[in-house]
Every structure is written in structure tokens, then in C-alpha cells.
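Tertiary structure, described
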Amino acid sequence: MEKKTPIYDRHVELKGRMVPFAGYMLPVQYETGVITEHNAVRNTCGLFDVSHMGQIVIQGSDALENMNMLLTNSFTNMSDGRARYSPMCNPEGGTIDDLIVFRISKDKYLLGVNAANRDKDFDWIKGNVKGNVEVIDISDDIAQVALQGPNSYDILRKLTNNIPEKYYSFLENVAIDGINCFVSKTGYTGELGYEISCSKEDGVRLWNLLLDTGRDFGLIPCGLGARDTLRLEAGMPLYGHELSEDISPLEASLDFAVKMDKEDFIGKEGIRKKGANRRRVGLRITGRGIARENCDVFVDGKKVGLTTSGTHSPTLGYPIAMALVDKDHTETGTEVVVSVRGREIPAVICDLPFYTRVK
Amino acid sequence: MKGKRFYLKTHEWVEFIDEKTARIGISDFAQQELGDIVFVNLPEVGDDVVAGEGFAEVESVKSISEVYSPVTGVVKSVNEKLQDNPELVNEDAYDAWFVEVGDISAKEELLTEEEYNEFLESEN
């Protein structure tokens, strides 16, 4: 039986098409449809219910040491009020999850984790922390929405003056019509945007307030369908596709978030041993057809990789995919063939992200 | 039969041009269920189609669906417009035919429009 987010009833009223996802019933789209919702985020603004995401607090005087040990990124040089992306690995170098760390203070961190991995992450962290540190899963107490798109700042500005300025920074205790909010300048769309959380009791009121305020700015509610096409265009990995317990973050081309020069962290040796004989790349499909996940990729008739996600890109107007490909065939411009249900479709390896917003 | 539209429970429509020739597409209900259609994979002229078997695929942003043939015959022409403008299926599902089939030798059990609408209601 799937759980409902605190905003579930509103999605039903708004005629969201509800589907099970990571243990929750969430709207895959509203009546507007995936492409309209996708375009709203690129051109005006979209509002997503992301209350399903997990939130785990790690606090105590040994919190920083544990963060550096548990995660592949480094947190030593991080300031309060900043956010940082990081994979979390098993000793073999496979990826347990990818998450965002919010540094509240040197002794307190909030981890935003994938809904599907929440319990696994909590157990893993609990089982691996050392010293004076406490691990708390606060996911069930919180509602969270993502306000994404070029108009997101203007909409938020109507409701508060207290808006995080820098990309990957956040503010606590932001009052939005009396609702106590945690506001971060983060997102999963490649667009200007904010993620806003509050207590679950205030979730519906926050949702309604944002939708009402945003109406004049072209804000519409958006579902999981658009969330997926947006993150794909932005070249962002999705756990279970580009990342898994068998895929190392280096294979997923997340080098920027893996600090191999750190003294030690869980998975360091495993990642080194595993190497990166395959790498995550982008594919621009040049033929007719859409390559989704698990399609074989060939160069000169030889299998060199496998797609991990793919869709029709509404912004670019052609199909795109991501794939894990043998490192010898990852050069931009390499012509490949993707096998889609028995049909061979030509494609070209290209740089990620597919889409970068114009600032 | 001529000029009238019939349906399959799998949400395809067929419209007979004469006894041996018909156009095939997907129903308005089907296009609504699929959402934004972004790709239609059509057979080629000269391909055989078989009543009750898949002959095309229609892809929305999120999903792929097989399209089943209401008749057995040979593909006489395909709607090339759908290759570049698959969204035509969303705009008018009954104008956006997929293929024209000739030499029809067999048919699936076809529903009239009324029967199809009743079927949709009973399913909901």
C-alpha cells in the first residue's frame, strides 16, 4: 500500500494522474500533460510535490568526521548555509545513493536522499557512524515542494524577502505567510529554482499559496513525467538508472563529487580497484525512435555499452539518452548504433548536459 | 461497413474505404490515456498485417504502446505526416490515420462506436 504525501488530496483535486512511485502515490502529470509542464519550467515556472524525498539529520560533535567518512565528497571546507552534492558508496565502490548535504552547522547536517533509498540509507548510516553522533530520519514530518523555472525568484519574492542568493545555498526559518520554511536554491531541472520544505501540517497551505501567487507568472503544477524529462536534459543522474550498487560514481562521470585525495572514506579502495572502464555519456539519437533504458549500444557492430535512461527531449525536439559506454568509445562525436526492440537506430555521443540554461 | 468507424477493445479504430481497403488509427480515448505522443513507429508499404497482432508502436513521453491491427491485409500506404508530427494523433485521433491496408482477408471482432463507448464506460 503506497503512502500519500501531505499534499495528495490537492493533486487529486487538480486532476493529477496518480501513480505509485518509490512507495508513494504521486502525480505523473496533470491534465496539461508532460510537455506543457516541461516547457513551463523552461519558460515560466513549475511546482512539484517532492515530499517523498527522504530527509536524514546527522548531528553531534563528530558529525563532520562521519560525513567525510560516509560520503565521497569532502565537507571540510564547507560553510554553514551551503549545500553540496555527494554520492555515498559501499566498500566495493558501488553507489548506495546520491544525495544533497545541507550544512546547518559544523555539528549538524541535513541529508536530502532518494525516496526509494531512504530506509537503506538510514540503516547504512546508522551502522557506520562512529563517536558522538546522532542519526534521525525526519522524512515523515516534512512536506517539500520544488519551485522551478526562470520566474521562481519573482514568485518567491512576492512572499518573502528572505531568499537564498547563491546556487547551492539555503536559509532556515524563512517565514512564508507565517509558515516556517527551509528554502534552498537547488533543484533537479537545470533551471533557476528553489526547494522549500515545511512541517507536513503546513504542506497544503504552502502549495496553495505558491500556486495562487505564481498564477500571474505562468506557474503550473508539474508531475513526475516532467521531472524526469527535465533532469535528463540537464544531464543529472537518477538513482536506479545511472547509479546503482554496481555502478561507481566515477563510472557515472561524477568525478567532481569524488575526492580521491581525501585521507579515507568508505568505498575509496573499491572505487580505485573498480576503475572507470566505462563512463556515463550522453547520446543524441539521430535516427527515428526513442532509446529508453537497457538498450545495447554498438560501435562498428561491437557492443560497447548500455543505455540507462532516455526520452524525447521537449526542449531540443529530438530523442536523447544517457548510457554507460566502454571508455575507449566515449569521445564526443563518436557514431554509435542503439538497438531498440530489434531496430538499429543511429546516435552520436555528446557532452552532458544536453541543456544548459541561459543566465 | 463503408464510411463507418469500428473499434477494437485495444483502442484502435478502422474505417473501411471499400470491402478490401481500410484505414487504421488509435481512438481518442487511447490518445488521451497516452498523453503527449512523441513518436509513432509505422510499418512499411508492402508489409503484411495480421488481425489481432501488433503492427505499429506509439510512444508518449513516458511509455510505449503496441498498436494492434483490426484486419489482415497488406499495407498500401503509411501516414508519413506522423513521422515528423506525431502530435497530430493528440490533436485529432480520427484524422491521424496510421496506415491504409488493402487486400483485406480477415477481421477481428469489431465494435461499433456505440458498443465501444459502452465498453469504455464498463471499464471505468
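Quantities reported herein were computed from a predicted structural model and do not represent experimental measurements. (Residues numbered from 1 in each chain as written. Chains lettered and ligands numbered in written order. Predicted model: local features only at pLDDT ≥ 70, side-chain atom pairs only at ≥ 80, totals over all residues.)

What follows is about the overall build of chain B. Helix and strand content of chain B: four helices and nine strands. Helices (α) and strands (β) of chain B occur, in sequence order from the N terminus, as β-β-β-α-β-β-β-β-β-α-α-β-α. Its C-alpha atoms give chain B a radius of gyration of 13 Å, within 12% of the compact-globule value 14 Å for 124 residues. In terms of overall dimensions, chain B has a C-alpha envelope of 35 × 35 × 20 Å along the principal axes. Across the 124 residues in chain B, those meeting the buried criterion constitute 42%. When contacts within chain B are restricted to residue pairs at least 6 apart in sequence, long-range pairs at least 24 apart make up 62% of them. (Helix = DSSP H or I, 4+ residues; strand = E, 2+ residues; numbered from the N terminus. Rg over C-alpha atoms; globule rule 2.2 N^0.38 Å. Buried ≥ 20, exposed ≤ 12 C-beta atoms within 10 Å, placed from the backbone. Contact = placed C-beta atoms within 7 Å.)

Looking only at helices and strands, one finds eight helices and 20 strands in chain A. Dimensions of chain A, computed from the C-alpha atoms along their principal axes, are close to 60 × 50 × 45 Å. Residues classed as buried in chain A amount to 50% of the 359 residues present.

Geometrically, a packed helix pair is captured by the angle between its two axes and the distance between the axes. Residue and element names in this part refer to chain A. Where helix α2 (residues 34-43) contacts helix α7 (residues 224-233), the axes come no closer than 8 Å and their chain directions differ by 55 degrees. Comparing the axis directions of α2 and α7 gives the class oblique. Considering the relative orientation of α2 and α7, their crossing is right-handed. Every residue of α7 that contacts α2 at V34, E37, H38 and V41 is listed here: G225, A226, T229 and L230. (Axes fitted to C-alpha atoms, helices over the stretch in contact; angles between N-to-C directions. Parallel < 35°, antiparallel > 145°, perpendicular 65-115°, else oblique. Left-handed = near helix turned anticlockwise from the far one by under 90°.)

Okay, the interface of chain A and chain B next. Counting residues at the interface gives 12 residues for chain A, matched by nine residues for chain B. Those elements giving two or more residues to the side of chain A that touches chain B turn out to be β3 (24-29), α2, α7 and β17 (302-312) of chain A. Residues belonging to the side of chain A that touches chain B are distributed by class as follows: four nonpolar, seven polar and one charged. (Nonpolar A, V, L, I, M, F, W, Y, C, P; charged D, E, K, R; others polar.)

A word on the sheet that holds strand β6 (residues 83-89) of chain A. Residue and element names in this part refer to chain A. Ordered by their spatial adjacency, five strands build an open sheet running β6-β7-β8-β5-β9, and the pairing between neighbours is antiparallel. Here the strands that pair on one side only, and so sit at the sheet edges, are β6 and β9 (134-137). Pairwise comparison of adjacent strand axes, ignoring direction, gives a mean angle of 30 degrees for this sheet. Pairing geometry for β6 and strand β7 (residues 95-105), over seven bridges, is antiparallel. Within β7, the position partnered with A83 by the bridge is F102. Across the sheet, helix α3 (residues 63-70) touches β5 (54-59), β6, β7 and β8 (108-113), and the angle it forms with β5 is around 130 degrees. The strands touched by helix α4 (residues 118-128) are β5, β6, β7, β8 and β9; relative to β5, the strand with the most contacts, the crossing angle is about 15 degrees. (Pairing = 2+ DSSP bridges.)

To continue, consider the pairing of strand β4 (residues 37-41) of chain B. Residue and element names in this part refer to chain B. Along β4, four of the five residues are buried, which leaves the element largely enclosed by surrounding structure. In this sheet, strand β6 (residues 54-60) lies alongside β4 in antiparallel orientation, the contact comprising four bridges. Within β6, the residue paired with N41 across the bridge is E57.

Residue and element names in this part refer to chain A. One finds V145, L147, L283, A291 and V338 to be the most contacted residues of the largest nonpolar core, which totals 128 residues. Here this core takes six residues from strand β18 (residues 319-326), the largest share from any one element. Leave out the neighbours within four places in its chain, and A291 touches L283, I285, T307, G310, P319, A321, V338, V340, I345 and A347. (Core = buried A, V, L, I, M, F, W, Y, C linked by C-beta atoms within 7 Å.)

Before going further, it helps to examine the sheet that holds strand β15 (residues 278-285) of chain A. Residues and elements named next belong to chain A. Spatially, the six strands close up into a barrel ordered β15-β18-β17-β16-β19-β20, and their pairing is antiparallel. Going across the sheet, the axis of each strand differs from the next one's by a mean of 40 degrees, ignoring polarity. Pairing analysis gives seven bridges linking β17 to β18, with the strands arranged antiparallel. Following the sheet pairing, L306 is matched in β18 by L324. Strands in contact with α7 are β17 and β18; relative to β17, the strand with the most contacts, it is inclined by about 130 degrees.

A word on the pairing of strand β4 (residues 45-49) of chain A. All names here are of chain A. Among the five residues in β4, five count as buried, and that is most of the element. Residues of β4 alternate between two faces, with C45, L47 and D49 on one and G46 and F48 on the opposite face, all of them buried. Relative to strand β14 (residues 219-221), β4 runs parallel, the two being bridged by three bridges. Following the sheet pairing, G46 is matched in β14 by I220. Bridge count for β4 against strand β10 (residues 142-148) is four bridges, and the pairing is antiparallel. Its bridge partner lying in β10, G46 is registered against Q148.

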